Amino acid sequence: MRWGVVTFPGSNDDAQALRVVERVLGDEAIALWHKDVDLRGADCVILPGGFSYGDYLRCGAMAKFSPIMAAVVAHARRGGLVLGICNGFQILCEAGLLPGALVRNRSLSFVCDLVIARIETTATPFTASCGRGSLLTLPIKHGEGCYVADETTLAELEARDQVVFRYADAAGRVGPEANPNGSLGNIAGVCSAERNVLGLMPHPEYATERLVGGEDGLAVFRSVQSWLRDGGRSRGDEPRVQAP
Amino acid sequence: MSVSAVTADVAADHGLTAEEYAKVVEVLGRAPTFEELGVFGVMWSEHCSYKSSRAWLRQLPTTGPQVIQGPGENAGAVDIGEGLAAVFKIESHNHPSFIEPFQGAATGVGGILRDVFTMGARPVANLDALRFGRLDHPRTPYLVKGVVGGIGHYGNCIGVPTVGGDLYFDAGYDHNILVNAFTCGVARRDRLFRARAAGPGNPVVYVGSRTGRDGIHGASLLASAAFDAGAAAKRPAVQVGDPFTEKLLLEACLELMGTDHIVAIQDMGAAGLTSSALEMAGRGAAGMLLDLDRVPLREPGLTPAEILLSESQERMLLVVRQGSEAAVEAIFRRWDLEVSVIGRVTDDGTFRARWHGREVCALPVAALTESAPVYRRPAEEPARFEQLQHFELAALREPADLTEVLLQLLESPNLCSREWVYRQYDQLVGGNTAVRPGGDAAVVRIEGTARGLALTVDCNSRYCLLDPYLGAVLAVVEAARNVVAVGARPLAVSDCLNYGNPERPDVMWEFQQGIAGIRDACLALDTPVVSGNVSFYNETDGRSIPPTPVIAMVGLLDDVEAHLTPWWKAEGDAIVLLGRTREELNASEYLAVVHGLVRGAPPWIDLETEKRLQRVCLAAATERLLSSAHDVAEGGLAVALAECSFGGAGLGARITVESGMRADALLFGESQSRMLVSLRRRHLGRLRDLARREDVPFTVLGEVRGSSLVIGEMIDLPIEHARARWRRALPERVGG
Amino acid sequence: MPGLLARVYVTPKRGILDPQGKTVEQSLHVLGFDEVSDVTVGKYIEMRLGGASREAADARVRQMCERLLANGVIEDYRVELVADRS
Amino acid sequence: MPGLLARVYVTPKRGILDPQGKTVEQSLHVLGFDEVSDVTVGKYIEMRLGGASREAADARVRQMCERLLANGVIEDYRVELVADRS
Ligand SMILES: Nc1ncnc2c1ncn2[C@@H]1O[C@H](COP(=O)(O)OP(=O)(O)O)[C@@H](O)[C@H]1O
Ligand SMILES: [Mg+2]
């Protein structure tokens, strides 16, 4: 399969995403430039971490106007897969592909650490091969990762099973001690209503080798691979949608 | 020529003494123009000319088979195999960080990054060595938060991991903090770029940010005189870092370096355009003609002197081949950066600058660089030296509760966990960080190979205060030992020599002692100095900092998978101490924290003994005998044992020691040339053989067991509890 | 036509978490400024506009806010136009 | 005494690099807002103050700016006090 990785001015984790695709997953990697206008056949597009446009004004605010983003939006509307990690998550929220927004960590400090992300739903292409409730140890590194949304939006996210990851402790409990940035509901990642766009603050791409960061992040990439391989049939569970 | 009259008084405003001004007139054969005077002022400043240190720096060993580029270029380079070079340098940004801690530290990181990528290397790791005043000084927490925030801001945003550093608090830095930033990059050894202008007619190209009034008159002068009450008025416009622009500059430069267009390249650092143009011309024995009207400006109305001397950040100067202009412009435009051809290389050996149709500078390049003053300033051992060394161990009262003492040490500012600092740094970006901050040295995989680089910065300024020669020796030795502790072979050094006012004989003596110490230790350990920086005038109102020669050491692991960390790995592993514990408490952290004494000669050191210890450790690491390794440093054996237990798994240790010495000396003394290792019992015999072969004392101390650190009858420390207190200490004292 | 100066105030929406405001308030309390409450931290953007009518300029600046300067999910904005006297 | 609302404007000092303002300006140009120049991005802080005289309050808020809200080395600040009508 083909993964596209977009480089915005100020992207820092693009090289790592490309390396994971090529060297760890053994898939085809397409380096996309923010001024490009098409995705060159990418099945899944990664918007990587970093500081696009220096994170000036607001994280992701300026990147959303890059020419490539029109193609990303069109791809998403067609049901194509889009994975936004860290700054990529912020860009997806700014671009309106995901609900909510990311604001400064409650500590106001940048935080680099390992966290535990609990998988809340397997009804996404990105978690279809995982077990619900399973725990991934993943790095975070961000200054503005505090997920916020208004109450209506939050209720909708819960009702439609769109919360994909939550920060948890080693026993899988979700609580304030396990929350590294003050995110509402300990939310670490959400997907779109159509479930094909995922944004998350933790970095699965930095947890794909035993030597550096461990291998827990592979679960996300492997899910996408198998989901695409059998044409989206390996859907894990159905979304646990509650009646509105 | 400028109409403003240049006199010796005006010269004094530019930091030149009457004699220096006379020399300017002599080498020119006329009075300088106002602009020329500005150029002399910065170029002959201590910061740019090294006039007080140059004669002594020549004593440092700078050669060896591993050295590809020694001092003299933007950064040093050593061979790391597979056709690659490690390119690295450390630099100070002390005065600017004291004035504006966040931006001062941030621009310090930006500056050292440019020094490294100028050479054609992609930066792969940053480290930071920090010195602050007492934690209970009212300004210290503000400075700490600002500096750490600024370092993180720049490194995180540009996408280079910060993988280590060091941090000390001492009253001696209350009014002069130190911010030393180190960057290591990796380049193909046959693709290193240098700053030697060549080829008359070749265009000189300006790239990066526009020029503003930042740091005019200037950061370099600021770093070349002591702080005093009037310093605030002399403040130059503070430089603000723009890591986003530097990221674009980095990528664009590396892209350009993949082509054949570049003849020479140099970042614009201290003394801005002037110094980068002159240095490139000087190294290449060429001349240069600049058209200042073509320099991109941030605001209108800059004078030619301001354009020449501005220290605006995120700028580079290139000499490219004739005919390459369009290709070079295309690359920088693609990255949305300013690019402008502002001059060309000439063959008349003269630096000329034109502005609005007149020539404001016409200086013989050689005069500026070769006739720069060199001072052999008087040096004299101060009286306090002998006093300080006097210390009588027998008179020291032994504390009753040693567990309490250990806790007190673990919570003290210089020994507690640095996690609060490095949590604010992106340690992972790039995807090669195998050992993150918290160990003895960081380990970074070399992209595309199975090798790894080990990186550390060290200096115990208390040792240097008590004996500036031995302190410097010990800084090198500890840095090398830290590199060995992760299983790497020490390769080479970059040093940042932070001292007081060189016009004072006692400071000059400290400096000379420091150089001698680094020389002797580097010769013994075969780790040449390939780059470095001197920072003088770290003094306020006549009080100078403790001598602080920070040593950055780079080591190589042939197999990065074989790296070691300090932390216990498995119950039942044997714990072995390699090296000898002497009954010495002089100069120790224990003495300072528990008894309030800064006294005695630094711990005994013998470089032969140290080398033997390092050989044993490296052999054991290479044979994969060890589960963990940790060097015994500040706080002594007990603190080292506690640190090995703080690795997350919560494993403790059971230690039995027999010795005839005082318990506090045994536990907290800082004897050198010791390494604490743990290993499977079946490897004990082999390790003993290796130690015996090198005549290194070998003592089985006990084993990894339980969840407490138990040392005989002396210490019983529950790990969870102690670890929590050790981790909380810094954020609690800094306030957040 | 003389130029205009636009002043844009971007403030956190009511009811949306404002970690910065909270922290600043706490810090002010620690420093002894106990009289302070309801601190919010927003952005203040100034820019010069070429000569245009006030109405046209106002509409343009609002567009800038909608598209870039403010994020409607978490922020409100307010625009002021004054004569540019510099 | 009715309460006061303080508005604090913190702006980058003139002549000091404002990378944020520069980048926002470039983006506005890319979006077609060519009429814009000299963009600066600063902070806008609002807070409620307990009842106090205007003079006393003004002095206090200035202290807050000096000590915490603005960084005098690179930023200027301006304070406005208005009656708190909420
Ligand atoms: N300023 C800093 N920035 C980043 N890491 C730091 C800093 N200070 C200390 N560290 C890290 O904390 C750990 C402990 O530091 P230190 O006590 O100096 O170690 P050692 O005594 O082995 O040299 C090291 O891994 C070091 O890299
Ligand atoms: Mg150290």
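**Student:** Explain the overall build of chain C to me, please; I cannot follow it from the model alone.
**Tutor:** Secondary structure assignment for chain C yields two helices and three strands. In terms of overall size, chain C is more extended than a compact globule, its C-alpha atoms giving a radius of gyration of 16 Å where 86 residues would be expected to give roughly 12 Å. Taken over 86 residues, chain C has a buried fraction of 49%. Taking the intrachain contacts of chain C between residues at least 6 apart in sequence as the baseline, contacts between residues at least 24 apart amount to 72%. Summed over its atoms, the accessible surface of chain C is roughly 4100 Å², and 50% of this surface lies on carbon and sulfur atoms. Measuring between centres, the 12 positive side-chain charges of chain C sit 7 Å from its 13 negative side-chain charges.

**Student:** Would you mind going over the interface of chain D and chain C with me for this structure?
**Tutor:** Bring the parts together and some accessible area is lost; that lost area is often taken as the interface size. Counting residues at the interface gives 33 residues for chain D, matched by 33 residues for chain C. Taken together, both faces of the contact between chain D and chain C bury some 3000 Å²; the carbon and sulfur share is 59%. For the chain D face of the interface with chain C, the top three residues by lost area are Phe33(D), Tyr44(D) and Arg48(D), together amounting to 21%. Seen at the junction of chain D and chain C, the total is four salt bridges.

**Student:** Could you clarify how one ought to interpret the interface of chain D and chain A in this entry?
**Tutor:** Taken together, the contact pairs six residues of chain D with five residues of chain A. When the two sides are added together, the surface that chain D and chain A hide from each other amounts to roughly 560 Å², 80% of it contributed by carbon and sulfur. When the area that chain D buries against chain A is broken down by residue, the three leading residues are Gln20(D), Thr23(D) and Leu31(D), summing to 58%. Taken together, chain D and chain A are joined by zero salt bridges. Looking at side-chain class alone, the side of chain D that touches chain A contains three nonpolar, three polar and no charged residues.

**Student:** Quick question: what am I supposed to make of the arrangement of the chains here?
**Tutor:** The interface with the highest contact count, out of five pairs of chains in contact, is the one between chains C and D. Between chain B and chain C there is no contact, and the shortest C-alpha to C-alpha separation is 10 Å.

**Student:** Would you explain the site of ligand 1 in this entry?
**Tutor:** Residue and element names in this part refer to chain B. Near ligand 1 lie 18 residues; those nearest to it are Asp 128, Gly 165, Gly 438, Gly 439 and Asp 458. For ligand 1, an oxygen atom lies 2.6 Å from a polar atom in the backbone of Gly 438. For ligand 1, whose accessible area on its own is 550 Å², the fraction buried by protein is 87%. When residues of the shell around ligand 1 are traced back to their parent elements, those giving at least two are strand E4 (122–132), strand E5 (162–169), helix H17 (419–422) and helix H19 (468–485). Its residues assigned to classes, the shell around ligand 1 shows six nonpolar, five polar and seven charged.

**Student:** How should I be thinking about the relation of the copies chain D and chain C in this particular structure?
**Tutor:** The second copy of the chain is related to the first by a rotation about an axis and a shift along the axis. Mapping chain D onto chain C calls for a rotation angle of 180 degrees and an axial translation of 0.0 Å; the resulting RMSD is 0.2 Å. Here the symmetry operator amounts to a two-fold rotation axis. Nearest to the rotation axis, the C-alpha of Lys43(D) is located 2.2 Å from it, this being the minimum over chain D. Of all interface residues in chain D, 100% are interface residues in chain C too; the two copies therefore contact each other through one and the same surface.

**Student:** Looking at this structure, I do not really get the sheet that holds strand E10 (residues 315–320) of chain B. What am I missing?
**Tutor:** Picture the strands of a sheet paired through backbone hydrogen bonds; they go either parallel or antiparallel. All names here are of chain B. Pairing within the open sheet is mixed, and its seven strands lie in the order E8-E10-E7-E11-E9-E12-E13. Lying at the two open borders of the sheet, with one neighbouring strand each, are strand E8 (262–267) and strand E13 (358–364). Across the sheet, the mean angle separating the axes of adjacent strands is 20 degrees when strand polarity is ignored. Pairing of strand E12 (residues 350–355) with E13, which is carried by six bridges, proceeds in the antiparallel orientation.

**Student:** Whenever I open this one, the packing of helix H7 (residues 101–117) of chain B against helix H8 (residues 140–158) of chain B confuses me. Can you help?
**Tutor:** Packed helix pairs are characterised by how far apart their axes lie and by the angle those axes make with each other. All names here are of chain B. Following both chains from N to C, one finds H7 and H8 inclined at 35 degrees, their axes separated by 7 Å at the closest point. As H7 packs across H8, the resulting crossing turns out to be right-handed. In this structure, H7 uses Pro 101, Phe 102, Ala 105, Ala 106, Val 109, Gly 110, Leu 113 and Arg 114 to contact H8, whose residues at the interface are Tyr 142, Leu 143, Gly 146, Val 147, Gly 149, Gly 150, Ile 151, His 153, Tyr 154, Gly 155 and Ile 158. Along the lines of polarity and charge, the residues of the contact of H7 with H8 split into 12 nonpolar, six polar and one charged.

**Student:** Is there a simple way to think about the packing of aromatic side chains in this case?
**Tutor:** Ring pairs (aromatic) are described by centroid distance and by the angle formed between their planes. For the structure shown, the criterion picks out 18 aromatic pairs over all chains. Aromatic side chains Phe89(A) and Tyr147(A) sit 6.0 Å apart centroid to centroid with 15 degrees between the ring planes, which places their arrangement in the stacked category. Residue Phe89(A) is found in helix H3 (residues 87–94), and its partner Tyr147(A) is found in strand E8 (residues 146–148); the two are separated by 58 residues along the sequence. Accessibility assignment for this pair places Phe89(A) and Tyr147(A) in one class, buried. Look at Tyr9(D) and Tyr44(D): their rings are 5.4 Å apart centre to centre, the planes differ by 45 degrees, and that puts the pair in the tilted class. Of this pair, Tyr9(D) sits in strand E1 (residues 4–12) while Tyr44(D) sits in strand E2 (residues 36–49), and the two are 35 residues apart along the sequence.

**Student:** Whenever I open this one, the packing of helix H16 (residues 402–410) of chain B against helix H23 (residues 636–645) of chain B confuses me. Can you help?
**Tutor:** All names here are of chain B. At their nearest, the axes of H16 and H23 sit 10 Å apart, and the two run at 70 degrees to each other. The pairing of H16 with H23 is recorded here as roughly perpendicular in orientation. Like other packed secondary-structure pairs, H16 and H23 cross with a definite hand, here right-handed. Taken together, the residues of H23 that come into contact with H16 (itself represented by Leu 406, Leu 409 and Leu 410) are Ala 638, Val 639 and Ala 642. Among the residues forming the contact of H16 with H23, the class breakdown is six nonpolar, no polar and no charged.

**Student:** Would you explain the pattern of salt bridges in this entry?
**Tutor:** Pairs may arise between side chains of opposite charge once their charged atoms sit close together. Throughout the structure, instances matching the rule amount to 79 salt bridges over all chains. The shortest N-O distance in the salt bridge between Arg78(C) and Glu80(C) comes to 3.6 Å. Arg78(C) sits in the partly exposed class, given a relative accessible area of 33%. Since its relative accessible area comes to 27%, Glu80(C) is described here as partly exposed. Between Arg48(D) and Asp84(D) there is a salt bridge; the shortest N-O distance is 2.7 Å. One end of the pair, Arg48(D), is in strand E2; the other, Asp84(D), is in the segment after strand E3 (75–83), and 36 residues separate them in sequence. Across the pair, Asp84(D) and Arg48(D) agree in class, each one buried.

**Student:** Please clarify how the nonpolar core should be interpreted in this entry.
**Tutor:** Side chains of a nonpolar character, in soluble globular proteins, are inclined to be buried together. Grouped together as the largest cluster of nonpolar side chains are 152 residues, with contacts concentrated most on Leu47(A), Phe165(A), Phe332(B), Met47(C), Val61(C) and Leu69(C). Ranked by size, the runner-up nonpolar core spans 75 residues in total, among them Val212(A), Cys184(B), Tyr463(B) and Cys522(B).

**Student:** Explanation requested: the pairing of strand E27 (residues 708–711) of chain B in the structure shown.
**Tutor:** Taken residue by residue, a regular strand's side chains alternate between the two faces of the sheet. Residue and element names in this part refer to chain B. Where strand E24 (residues 653–655) and E27 come together, three bridges link them in parallel fashion. Residue pairing across strands places Ala 653 opposite Leu 709, the latter belonging to E27. Judged from the four bridges that link them, E27 and strand E28 (residues 715–718) form a sheet pairing that is antiparallel. Residue pairing in the sheet places Leu 709 in a bridge with Leu 717 of E28. Counting the residues in the hairpin turn of E27 and E28 gives three residues, including Gly 712, whose phi is positive at 50 degrees.

**Student:** Can you walk me through unusual backbone geometry in this structure?
**Tutor:** Keep in mind that most residues, glycine aside, have a negative phi and that most peptide bonds are trans. Positive phi, close to 60 degrees, is recorded for Arg624(B), a residue that is not glycine. Along the chain, Arg624(B) turns up in the loop between helix H22 (607–622) and strand E23 (626–631). Non-glycine residue Asp38(D) carries a positive phi angle of around 50 degrees. Along the chain, Asp38(D) turns up in strand E2.

**Student:** Whenever I open this one, helix H2 (residues 18–28) of chain B confuses me. Can you help?
**Tutor:** For the α-helix, the turn length of 3.6 residues means that residues three or four positions removed from each other point alike. Residues and elements named next belong to chain B. Among the residues of H2, those classed as buried are Glu 20, Tyr 21, Val 24 and Leu 28. With its buried residues spanning 100 degrees around the axis, H2 presents them on a single face. What points out from H2, more than 90 degrees from its buried face, is the exposed set Ala 18, Glu 19 and Glu 26. The inward-facing, buried residues of H2 abut helix H1 (8–13), helix H3 (34–43) and E13. Immediately beyond the C-terminal end of H2, within one or two residues, lies Gly 29, with a positive phi of roughly 75 degrees.

**Student:** Sorry, what's going on with H3(B) here?
**Tutor:** A large share of H3(B) lies buried, amounting to nine of its 10 residues. Taken together, the buried positions of H3(B) are Glu35(B), Glu36(B), Leu37(B), Gly38(B), Val39(B), Phe40(B), Gly41(B), Val42(B) and Met43(B).

Calculation rules
- Residues numbered from 1 in each chain as written.
- Chains lettered and ligands numbered in written order.
- Predicted model: local features only at pLDDT ≥ 70, side-chain atom pairs only at ≥ 80, totals over all residues.
- Heavy atoms only, no water.
- Helix = DSSP H or I, 4+ residues; strand = E, 2+ residues; numbered from the N terminus.
- Rg over C-alpha atoms; globule rule 2.2 N^0.38 Å.
- Buried < 20%, exposed > 50% of the residue type's maximum accessible area, 1.4 Å probe, protein only.
- Contact = heavy atoms within 4.5 Å.
- Areas by Shrake-Rupley, 256 points an atom, 1.4 Å probe, with all protein chains shown as cover.
- Lys, Arg positive; Asp, Glu negative; His and termini not counted.
- Charge placed at Lys NZ, Arg CZ, Asp CG, Glu CD.
- Buried area = accessible area lost by both parts, 1.4 Å probe.
- Salt bridge = Lys/Arg side-chain N within 4 Å of Asp/Glu carboxyl O.
- Nonpolar A, V, L, I, M, F, W, Y, C, P; charged D, E, K, R; others polar.
- Near = heavy atom within 4 Å.
- Polar contact = N/O pair within 3.5 Å; in protein donor to acceptor, adjacent residues only side chain to side chain.
- Least-squares fit on C-alpha atoms with pLDDT ≥ 70 in both.
- Pairing = 2+ DSSP bridges.
- Axes fitted to C-alpha atoms, helices over the stretch in contact; angles between N-to-C directions.
- Left-handed = near helix turned anticlockwise from the far one by under 90°.
- Phe/Tyr/Trp six-rings, centres within 6.5 Å; stacked < 30°, edge-to-face > 60°.
- Parallel < 35°, antiparallel > 145°, perpendicular 65-115°, else oblique.
- Core = buried A, V, L, I, M, F, W, Y, C linked by side-chain atoms within 4.5 Å.
- Arc of directions from axis to C-beta.

The values reported here are purely geometric and, on their own, carry no functional implication.
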